[in-house]
Amino acid sequence: MRPFRKGPVPLKRYTYEIAPVFVLMEEEVLKKLRALVGWSSGDGVFCPGGSVSNMYAMNLARYQRYPDCKQRGLRALPPLALFTSKECHYSINKGAAFLGLGTDSVRVVKADERGKMIPEDLERQIFQAEAEGSVPFLVSATSGTTVLGAFDPLDAIADVCQRHGLWFHVDAAWGGSVLLSQMHRHLLDGIQRADSVAWNPHKLLAAGLQCSALLLRDTSNLLKRCHGSQASYLFQQDKFYDVALDTGDKVVQCGRRVDCLKLWLMWKAQGGQGLEQRIDQAFALARYLVEEIKKREGFELVMEPEFVNVCFWFVPPSLRGKQERPDYTKRLAQVAPVLKERMVKEGSMMIGYQPHGTRANFFRMVVANPALTHADIDFLLDELERLGQDL
Ligand SMILES: *Cc1c(COP(=O)(O)O)cnc(C)c1O
């Protein structure tokens, strides 16, 4: 294949061996993301999505403790246990299954009514797993849970990990971008104590799919040791440039997309301040939605949100003031699916809904698009009122 364009760096064969220029770009972006986490050194890679980033973290944690398992596989391992809250993303379970740990090895830690992991229950479960003969090796906290947008108490969880010598992973796929905001980054206080962080700029920052980083505090080349296979037909050691630039062996893929490029360009175009403004604007817009919900009859917040996930019920006229009726919850649960069907058929909006614990189906409006205006939010509420008048 002829190179697309001749430059100072020979851009040959970069489908397999990522060209040095892209590696430098990736290193620069990863370094900036790590700095926002609070690390002046470390490692990382762009992965095809947060689910895969989470799997990487599990695999690295396991390899660090049992390096033998790279060669001997599951035979090298005792039964392992990892811990995450009931509000975690489903990819933790998928990862456990994919890596041969099995979903039984995932211990589900209690969360409080706002969706935050309860550190005391985490510690209780660690003792219980040990008593049952398992070896705890990893805790995955979530910064920005999928439904409620909750941020786990990272400092308290880090204390538990430290006491028990466990790998501390933070799944910040959704909430990681909040680190760009001086005003809101306190939600992730303690993240600097993590061993690994999964962060999806393709979510809140709206970088094109896919753009997901796995960041590591490790400086011992763990990624390469864990995943490398030193294929001599690709990663020759006698090249004319620094072979440390051959980062391709850190990942489990061979060919790989240049996912860092989108974020690199966004950062260049908008600057750190521009990106920060996007985040602050999303928070401000979510706040506007919350205040409007409080003003309107028939709308009820599930809880005061701390992120941009605004969870609420639309209570149609026939159910207002009828909380005492025995079938109230059952009937309220039927409202969101009907309204969703109506809005989709109308072609005017798409708002997801779900039940949660004992709470009946409620809408979850994620306010992340920086192009949204107050008028759009007003429309959203007007439209729900219009579509739900007769229910
Ligand atoms: C979206 C999300 C993921 C999965 O990310 P993908 O890029 O879709 O694989 C993992 N964890 C959390 C908390 C998420 O919100």
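Cut-offs applied
Residues numbered from 1 in each chain as written. Predicted model: local features only at pLDDT ≥ 70, side-chain atom pairs only at ≥ 80, totals over all residues. Heavy atoms only, no water. Buried < 20%, exposed > 50% of the residue type's maximum accessible area, 1.4 Å probe, protein only. Helix = DSSP H or I, 4+ residues; strand = E, 2+ residues; numbered from the N terminus. Arc of directions from axis to C-beta. Contact = heavy atoms within 4.5 Å. UniProt positions renumbered as here; feature names shortened; annotations may be inferred. Axes fitted to C-alpha atoms, helices over the stretch in contact; angles between N-to-C directions. Left-handed = near helix turned anticlockwise from the far one by under 90°. Polar contact = N/O pair within 3.5 Å; in protein donor to acceptor, adjacent residues only side chain to side chain. Salt bridge = Lys/Arg side-chain N within 4 Å of Asp/Glu carboxyl O. Near = heavy atom within 4 Å. Areas by Shrake-Rupley, 256 points an atom, 1.4 Å probe, with all protein chains shown as cover. Nonpolar A, V, L, I, M, F, W, Y, C, P; charged D, E, K, R; others polar.

A few points about helix 4 (residues 91-98)
Taken together, the buried positions of helix 4 are occupied by Ser91, Ile92, Gly95 and Ala96. In an axial view of helix 4, the angular spread of the buried residues amounts to 140°, which keeps them on one side of the axis. Exposed residues pointing more than 90 degrees away from the buried face of helix 4 are listed as Lys94 and Phe98. Where helix 4 is buried, its residues meet helix 2 (50-65), strand 2 (80-85), strand 3 (106-109) and strand 4 (135-142). Within two residues after helix 4, Gly100 carries a phi angle of roughly 80°, on the positive side.

A short note on the UniProt feature "modified residue: N6-(pyridoxal phosphate)lysine" (unreviewed entry) in the protein chain
Taking the numbering used here, the UniProt-annotated feature "modified residue: N6-(pyridoxal phosphate)lysine" (unreviewed entry) corresponds to Lys203. Aside from chain neighbours lying at most four places away, what touches Lys203 is Ala173 and Trp174.

Side note on the packing of helix 8 (residues 260-295) against helix 11 (residues 374-388)
Where helix 8 contacts helix 11, the two axes come as close as 10 Å, and the packing angle between them is 35°. Crossing angle aside, the handedness with which helix 8 passes helix 11 is right-handed. Here Leu285, Tyr288, Leu289, Glu292 and Ile293 of helix 8 lie close against helix 11, whose contacting residues are His374, Ile377, Asp378, Leu380 and Leu381.

Overview of the side chain of Asp121
By secondary structure assignment, the location of Asp121 is in helix 5 (residues 119-131). Separated by 2.8 Å, the side chain of Asp121 and the backbone nitrogen of Lys110 make a polar contact. Among all residues touching Asp121, those that are not within four sequence positions of it are Val109 and Lys110.

Description of the pattern of salt bridges
Counted according to the given criterion, the structure contains 25 salt bridges. One salt bridge connects Glu123 with Arg163, and the closest N-O pair in it is separated by 2.9 Å. Here the residue Glu123 occupies a position in helix 5, and Arg163 occupies one in helix 6 (residues 154-164), the gap between them amounting to 40 residues. Taking relative accessible area as the criterion, Arg163 reaches 55% and is therefore assigned exposed.

Some remarks on the site of the ligand
Neighbouring the ligand are 15 residues, the closest being Gly50, Ser51, Asp171, Asn200 and Lys203. At 3.3 Å, a side-chain N or O of His202 approaches an oxygen atom of the ligand. Here an oxygen atom of the ligand sits 2.8 Å away from a polar atom, N or O, in the side chain of Lys203. Surface burial for the ligand is 84%, taken as the share of its 380 Å² of free accessible area covered by protein chains. Per-element tally for the shell around the ligand: the top contributor is helix 2, with three residues. In the shell around the ligand, the residues fall into two nonpolar, 11 polar and two charged.

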